[in-house]
Amino acid sequence: MSDELFNREEFISYFRDEAEELLQQIDADLLRLEEFVSSGETDPEIVNSLFRALHTVKGSAGMLGFTDVQNLAHKLENLCDLLRKERMPLSESAVDLLFTGRDLLTELVEAAIGTHEAPGGVDEYIRKLDQFTSIYEETAHVIEGRMGEQHSFDEAAAAEEEQVGNVDVEAFEAEVARLLAEAESRKAPAPPPVPAFEEAPPQPVAAVPAEPVRPAPQPPAPAAADKAPAKNGEQKRSSIHQTIRVDIERLDALLNLVGELVINRTRISDIANTLERLMGTKGTNGQVMANSGVIAPLAKDLADSAGLLARTTNEIQESIMKVRMVPIGQVFDRFPRLVRDVAKARGKEVQLVISGAETDLDKTIVDEVGEPLMHLLRNNVDHGIEAPDEREKMGKPRAGTISLNAYHEGNQIIIEVSDDGAGINLEKVRARALKQGLISADDRLSDREIVELIFTPGFSTAEVVSDVSGRGVGMDVVKRNITRLKGVFDVDTVPGQGTRFTIKLPLTLAIIQALLVRVAEELYAIPLDSVIESQRVEMSDVRTVHGNEVITLRGQVVPLVRIAEFFQLDGKRDPDKVMIVIVGLQGRQVGLVVDSFEGEQEIVIKPLSDVVGRIAGISGATILGNGSISLIIDVHSLVSEAYSGGKVARAEFSGV
């Protein structure tokens, strides 16, 4: 086949995306299947879904020549086939084998597409899997009277007991007894199958012949009904073909073009407004401009065209943003398995409740929010949820509950991770911070400030380092990543009742509403979602405490940050009044002192060049309608600067 007809790299890309979805589905099916272990029953729908997913992975891998993936998928398919045909009982050992196989299959897929190295222990796992399945296959052969020649039942059972020591023996023996009973019942006389729509005539008692029983002919009605699912399948396939996979880089390029269109739209609007303003300006002789009769209609046409362009651009922008939106459930689907594994490793019983998985979010943010949420959930299981016996003593259910919820609020998405565990032990956090030298014994810290100590790099309250926690890596990663996404992170905890982590993220990182302010002849943009209010304050209301300017706003001490001094601009202070923009972050408020307000505007965020590097207090830049560049203020860094070193706490303590 020519390269034009078979682009291997393109097919590998399709295989990677398809395998990722199927492996995620396998994980979800296994978690659902595990719930049936205690009852000893199985759900045929779940087993069939598992079988189909493994079969699809096997077929796609075989087409591309990924023999290792194909072989393991085939082995796992055999195990699911035994469950599907009820030749094997559902046991914890079988589910654990499937979970391990799923993980190995993921690593083999990653190795096949070249993103990771080949995993070890695959041959050992396959040998163990073969030994496990051979027991039930040989048992089925015994019951059906077709004993294999390679192994006797006793030899296979002994080998299986040696290799797989954690097999559920009682369930196995019960299944063998059931199958033997069914085989024994086949020796009794039985009438041939009769179609449901006919009345079964009485049958004489007769011995069943030794030859296999031929199935009765199917009636026409069920046969016709069987065609209905095929038609539904055709409709489903038809609907699938209405969607296409698009590389995110293409969408990024398209979004950049939309950003340029937004900039030019703003520029045209500014030109139209300027022209309209000039038309109303009188000349030196007190008369309106001589050419106003000619220019006025053109100015009106330009204004109308600018308005139409604005509406069209907004529609294009909204359409592009919707194309980039994906359900956050793509991330949430990873976590049930994570919670299950961590809880099992820590000997805890935990139930994860997910809601709002259909909430849409920008693809870029969805890809980045997974790691912070993973650390939060691991923290909830390890530090939040108590041991089952301890929960019983406290009057709680043995199984703890962790809730993961997402919903829209304005132009933000809110993600909440909460548990009904022990909450954050503030005294323990303070003691550990003292031990690590993060604070001194004389520091007066509020409950919120104590809670924020857990986000310090290297901080951990775990007494023993394990594979789950204890190294002080996790919560600092959460806060750093959320801040990088221009998000806000907050914690609420009640000792003995639980903890709730709240993450607020923008729907997109590309185009935002901003408040333009002027400082020393320079224009700056402040993200509007951080702005609480703007006001003019008399200098007599400004106090200086320990060298820091503050004001009292509705009973709360608000520190001031003079933008001109922060960026070392040649700005002069107004001795009578100050213009202040009150911004808020995580319950903290800061007043940014500016020279004037220039109004609101939709801006396109442009990252700073690597040549410029990172600038403290600046998160990016934007191009305004007149072609000039405006720097975007990083509210998070300014708030952190204002509250660093306990400045506000000392001001409050001073009674300001």
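Details of the structure are given in the entry above.
A.B. asks: I'm lost on the side chain of Ser530 in this one. Help?
C.D. replies: Inspection of the secondary structure puts Ser530 in the loop between strand E9 (522–527) and strand E10 (531–538). Residue Ser530 is classed as buried on the basis of its relative accessible area, which comes to 13%. A distance of 3.5 Å separates polar atoms of two side chains, one belonging to Ser530 and the other to Asp529.

A.B. asks: I tried to follow the sheet that holds strand E8 (residues 511–519) on my own but got confused; where do I start?
C.D. replies: Strand order in this open sheet of five strands is E16-E8-E9-E18-E17, and the pairing throughout is mixed. Among the strands making up the open sheet, the edge pair consists of strand E16 (596–604) and strand E17 (618–623). Sheet twist, expressed as the average angle between the axes of neighbouring strands with direction ignored, equals 35 degrees. Bridging between E17 and strand E18 (residues 629–633) involves five bridges; their strand directions are antiparallel. Within the sheet, the bridge partner assigned to Gly620 lies in E18 and is Ile632. Running at roughly 140 degrees to E16, helix H9 (residues 248–279) makes contact with E8, E16 and E17 of the sheet.

A.B. asks: Looking at this structure, how should I read the packing of helix H1 (residues 8–34) against helix H12 (residues 335–346)?
C.D. replies: For any two helices packed against each other, one specifies the inter-axial angle together with the distance between the axes. Running from amino to carboxyl end, H1 crosses H12 at an angle of 50 degrees, the nearest separation of the two axes being 9 Å. Overall, the two elements H1 and H12 adopt an arrangement that is oblique. The chirality of how H1 crosses H12 is left-handed. Together, Asp27, Leu31 and Glu34 of H1 and Pro336, Arg337 and Arg340 of H12 make up the contact between the two elements. Of the residues in the contact of H1 with H12, the class split is two nonpolar, no polar and four charged.

A.B. asks: So what exactly am I meant to see when it comes to the packing of aromatic side chains here?
C.D. replies: We describe a pair of aromatic rings using the distance from one ring centre to the other and the angle between the two ring planes. Enumeration over the complete set of coordinates arrives at five aromatic pairs. Centroid distance Phe455 to Phe489: 5.1 Å. Interplanar angle 80 degrees. Geometry classified as edge-to-face. In this pair, Phe455 sits in the loop between helix H16 (447–451) and helix H17 (475–484) while Phe489 sits in strand E6 (residues 488–494), placing the two residues 34 residues apart along the sequence. Of the residues examined, Phe489 reaches a relative accessible area of 3% and is grouped as buried.

A.B. asks: I'm lost on the sheet that holds strand E13 (residues 556–562) in this one. Help?
C.D. replies: Taken together, the six strands give an open sheet; going across it, the order is E10-E14-E15-E13-E12-E11, and neighbouring strands pair in mixed fashion. Looking along the sheet, the strands with just one partner apiece sit at the ends: E10 and strand E11 (543–545). In this sheet, neighbouring strand axes are inclined to one another by 40 degrees on average, regardless of whether the strands run parallel or antiparallel. Pairing of E10 with strand E14 (residues 577–585), which is carried by seven bridges, proceeds in the antiparallel orientation. What sits directly across from Glu533, in E14, is Ile582. Against the sheet, helix H19 (residues 635–643) contacts E13, E14 and strand E15 (588–594), and its axis sits at roughly 105 degrees relative to E15.

A.B. asks: How do you make sense of unusual backbone geometry when you look at a structure like this?
C.D. replies: Of all residues except glycine, most have a negative phi; of all peptide bonds, most are trans. Its identity as a non-glycine residue notwithstanding, Glu86 has a phi of 60 degrees, on the positive side. The topology assignment puts Glu86 in the loop between helix H3 (67–84) and helix H4 (92–112). Looking at Glu86, the relative accessible area reads 47%, which means it is partly exposed. We note that Arg554 has phi near 50 degrees; this positive angle belongs to a residue other than glycine. With respect to the helices, strands and loops of the structure, Arg554 is situated in the loop between strand E12 (548–553) and E13. Owing to a relative accessible area of 66%, Arg554 belongs among the exposed residues under this scheme.

What counts and how
- Numbering of residues begins from 1 in every chain and follows the order in which that chain's sequence is written.
- Residue-level local features of this predicted model are given only where pLDDT is at least 70; pairs of side-chain atoms are given and counted only at 80 or more, and the full residue set underlies all totals for whole chains, interfaces and linings.
- Heavy atoms throughout the structure, all of them, feed into the side-chain values; hydrogens and water do not.
- Going along the chain from the N terminus, every DSSP run of H or I of four or more residues is numbered as a helix, and every run of E of two or more is numbered as a strand.
- Residue exposure (1.4 Å probe, protein chains only): buried if accessible area is under 20% of the type maximum, exposed if over 50%, otherwise partly exposed.
- N or O atoms within 3.5 Å of each other form a polar contact, as long as, within protein, one can give a hydrogen and the other can take it, and as long as residues adjacent in sequence are counted only when both atoms are side-chain atoms.
- One bridge is not enough; two strands pair if DSSP finds at least two bridges between them.
- Each axis is a line fitted through C-alpha atoms, and for a helix only the stretch in contact is used; angles between axes span 0 to 180 degrees, taken between their N-to-C directions.
- Note on contacts: a residue pair is in contact if any heavy atoms of the two residues lie within 4.5 Å.
- For classification, angles of less than 35 degrees are called roughly parallel, those exceeding 145 degrees roughly antiparallel, those between 65 and 115 degrees roughly perpendicular, and all remaining angles oblique.
- Crossing chirality is assigned from the near helix's rotation relative to the far helix, an anticlockwise turn below a right angle marking it left-handed and a clockwise turn marking it right-handed.
- For this scheme, ten residues count as nonpolar: Ala, Val, Leu, Ile, Met, Phe, Trp, Tyr, Cys and Pro. Four count as charged, namely Asp, Glu, Lys and Arg, and the remainder, Gly too, count as polar.
- Centres within 6.5 Å make a pair out of two Phe, Tyr or Trp rings, where for Trp the six-membered ring is used; the pair is then stacked when the planes are under 30 degrees apart, edge-to-face when over 60, and tilted otherwise.

Treat this as a map of the structure, not an account of what it does.
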